[in-house]
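# Report on the structure
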Amino acid sequence: MKRFLLKLSILVVGLCALEGLCSLALFAYSAAFESKPVLAERRHTDYDEQIGWVAQPSRTFTDLYGPGRSLTTNSRGFRGKAEIAPQRTAGRPRLVCVGDSFTLGYGVDDAHAWPQVMHSLDPRLEVANLGQGGYGIDQFLLWRQRAAADLECDLLVCAFIPEDFERMCGDTFIVYGKPYFELENGALELRNTPVPKRGYSFPWLVHNRALVNRLGIAGLYNRLVQSEPRRTERSAVIPPAKAPQVAAAIFAELAKAAQASGGQLVLVHLPSVDPRRLDRLVPLSGWPREVCEQAASNGARFIDLAPYFEALDPAARAALFLAEDAVQFTGAAGHYDEKGNEFVARKLLDELKPLLDAAAAR
């Protein structure tokens, strides 16, 4: 009996060791061939307890998106080397552009982000690029208040994709905490601050939690120790019935900011696509479109660039976006490439020409 128990114990220990080695081997294989790189924004932003994350100022990230595609920020954290003085220069219309990664110019070098292309096509323009990857329209307002409150402008350009309205409704972007607004007695009140710092420790593990959970010890911990699953995706905290009012209030605050700076608010819908189908546009519909049209009736300018994209044949339209393997970062596919940024810049210049000519004449 003792020999049997000894042999049984050796067998059980051996099987446990083999199971552990197989689990580790599968994890190592997955980590080597299936793991996701951290977001590009982790390279050039820092945690911020009020906004979530903000650009590192006065930095150059050489070849961030690949050879020859570097990202530079000025002392305010705007993309580009040029410094922006508070006062406008006579005869030079100034555009302050707020937005997400599509405005930042994700995947292209400084000179090919569409705000800078607008300046290249019309050198009389002075353009400040406040784009920040992953922002919702709530963070557009917060970043403008932080980084550009003292800037005079002729046009405050708020450029968005439809997803930015969804981001506004949540307290998380992927694995990173963010603030959000609620309406209290008709006024915007900021919530979820200080922003939780989850996601900033051990970034590779955070972005590859699904791989880690394949380990038996992780599964056991999740079942026995962790009381509730951690949220790793955007979690909606603003109910759909209240979202339009919050968005309208944000646009109203941006309009006031533009007027206080001597300018006008311009809302721009930047067409986006399903990363798996670069020829298929994501529509701007429902309450986000209604909120934009309401803002336009209150004095803002609303420009929808979707018809220009829809007029192209599918192949030409797909050629305006980054393909899956164009940039080696998670979430890169579907952003504008150099052609896409130039296309947006040219169409926006056409739409804004009367306003820009009037501003130059002042």
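Residues numbered from 1 in each chain as written. Predicted model: local features only at pLDDT ≥ 70, side-chain atom pairs only at ≥ 80, totals over all residues. Heavy atoms only, no water.

### Focus on the overall build of the protein chain
Scanning the protein chain from N- to C-terminus turns up 14 helices and 15 strands. Going through the 362 residues of the protein chain one by one, you find that 48% of them count as buried. In the structure as shown, the protein chain presents an accessible area of about 17600 Å², 56% of it carried by carbon and sulfur atoms. (Helix = DSSP H or I, 4+ residues; strand = E, 2+ residues; numbered from the N terminus. Buried < 20%, exposed > 50% of the residue type's maximum accessible area, 1.4 Å probe, protein only. Areas by Shrake-Rupley, 256 points an atom, 1.4 Å probe, with all protein chains shown as cover.)

### Side note on the sheet that holds strand β5 (residues 94-98)
Remark on secondary structure: sheet strands pair via backbone hydrogen bonds, oriented parallel or antiparallel. Read from one edge to the other, the open sheet built from five strands follows the order β6-β5-β7-β12-β15, with strand pairing classed as parallel. Taken across any chain shown, the strands that pair with only one partner, and hence form the sheet edges, are β6 (126-129) and β15 (301-304). Recorded for the sheet is a direction-independent mean angle of 20° between the axes of neighbouring strands. In this sheet, strand β12 (residues 264-269) lies alongside strand β7 (residues 155-160) in parallel orientation, the contact comprising six bridges. Paired with Leu155 across the bridge in β12 is Gln264. This element, helix α5 (residues 137-147), spans β5 and β7 of the sheet and lies at about 150° to β7. (Pairing = 2+ DSSP bridges. Axes fitted to C-alpha atoms, helices over the stretch in contact; angles between N-to-C directions. Contact = heavy atoms within 4.5 Å.)

### Brief notes about the state of the cysteines
Simply put, the disulfide is a covalent bond whose two ends are the sulfur atoms of two cysteines. Here the structure, examined in full by the defined rule, presents zero disulfides. Here Cys158 stays unpaired: no disulfide links it, and the sulfur of Cys292, its closest cysteine neighbor, is 8.0 Å away. On the basis of relative accessible area, Cys158 is assigned to the buried category, the value being 0%. (Disulfide = S-S within 2.5 Å.)

### Quick look at the packing of helix α10 (residues 243-260) against helix α11 (residues 286-297)
Running from N to C, α10 and α11 point in directions that differ by 35°, and their axes come no closer than 10 Å. Taken as a pair, α10 and α11 cross one another with a handedness that is right-handed. Seen from α10, the contacting residues are Ala243, Pro244, Ala247, Ala248 and Phe251; seen from α11, they are Trp287, Val291, Cys292, Gln294 and Ala295. Here the contact of α10 with α11 is built from residues that sort into nine nonpolar, one polar and no charged. (Left-handed = near helix turned anticlockwise from the far one by under 90°. Nonpolar A, V, L, I, M, F, W, Y, C, P; charged D, E, K, R; others polar.)

### Some points on unusual backbone geometry
At the junction of Thr193 and Pro194, the peptide bond is cis and its omega measures out at -5° in the coordinates. Despite not being glycine, Ser58 has its phi angle at roughly 55°, a positive value. Structurally, the position occupied by Ser58 is in the loop between β2 (52-55) and β3 (60-61). Phi angles above zero are rare outside glycine, and Asn192 is one such case at about 65°. Within the element layout of this structure, Asn192 appears in the loop between β11 (187-191) and α7 (203-207). Given a relative accessible area of 23%, Asn192 falls into the partly exposed group.

### Regarding the packing of aromatic side chains
Note on aromatic pairs: each is described by the distance of the centres and the angle between the planes. Under the criterion given, the structure shown has twelve aromatic pairs. Aromatic ring contacts, followed pair by pair, group Phe102, Phe309, Phe321, Tyr336 and Phe343 into a single cluster. (Phe/Tyr/Trp six-rings, centres within 6.5 Å; stacked < 30°, edge-to-face > 60°.)

### Considerations on the nonpolar core
Formed by 52 residues in total, the largest nonpolar core has its most connected members in Phe160 and Phe251. Not counting chain neighbours up to four residues away, the residues in contact with Phe160 comprise Ile137, Phe140, Phe165, Phe251, Leu267, Val268, His269, Leu270, Leu284, Cys292 and Phe302. Cys97, Val268, Ile303 and Phe321 belong to the second largest nonpolar core, which has 31 residues in total. (Core = buried A, V, L, I, M, F, W, Y, C linked by side-chain atoms within 4.5 Å.)

### Concerning the side chain of Arg167
Mapped onto the secondary structure, Arg167 falls in helix α6 (residues 163-168). Here the side chain of Arg167 touches Asp164 through a polar contact of 3.0 Å, side chain to side chain. (Polar contact = N/O pair within 3.5 Å; in protein donor to acceptor, adjacent residues only side chain to side chain.)

### Brief notes about the environment of Leu305
Here Leu305 lies in the loop between β15 and α12 (306-310). Considered as a pair, Leu305 and Val344 are 39 residues apart in the sequence and their alpha carbons are 7.7 Å apart. The contact partners of Leu305, leaving out residues within four places of it in the chain, are Val268, His269, Leu270, Pro271, Val344, Lys347 and Leu348.

### Focus on a nonpolar patch on the surface
The grouping of Met1, Phe4, Leu5, Leu8, Leu11, Val12, Leu15 and Leu18 at the surface amounts to a nonpolar patch, some 820 Å² of accessible area in total. Structurally, the position occupied by Met1 is in the segment before α1 (2-33). Taking the relative accessible area as the measure of exposure, Met1 reaches 73% and is therefore exposed. (Patch = residues over 30% accessible without salt bridge, like charges linked within 9 Å, V, L, I, M, F, W, Y side chains within 5 Å. Salt bridge = Lys/Arg side-chain N within 4 Å of Asp/Glu carboxyl O.)

### Observations regarding the environment of Arg198
Along the chain, the position of Arg198 falls in the loop between β11 and α7. Taking the C-alpha atoms as reference points, Arg198 and Thr172, separated by 26 residues in sequence, lie 9.7 Å from one another.

### A few points about helix α14 (residues 338-361)
At Leu352, α14 is deflected by roughly 65°, the largest bend along its length, and proline Pro354 occurs up to four residues later in sequence. Restricting attention to buried positions, one finds in α14 the residues Gly340, Asn341, Phe343, Val344, Ala345, Leu348, Leu349, Leu352, Leu356, Ala359 and Ala360. Put simply, Asp337 is the residue that caps the front of α14, since its side-chain oxygen is 3.1 Å from the backbone nitrogen of Lys339. (Bend = angle between axes of the 7 residues up to and from the residue.)

### Brief notes about the confidence of the model for the protein chain
Across the protein chain, the average pLDDT comes to 89, with 85% of residues at or above 70. Counting interchain partners and residues more than four positions distant, the pLDDT-below-50 stretch residues 29-35 has eleven contacts. Confidence drops under a pLDDT of 50 for residues 227-233, and excluding neighbours within four residues, the segment shows eight contacts in the predicted structure. (pLDDT = per-residue confidence, 0-100.)

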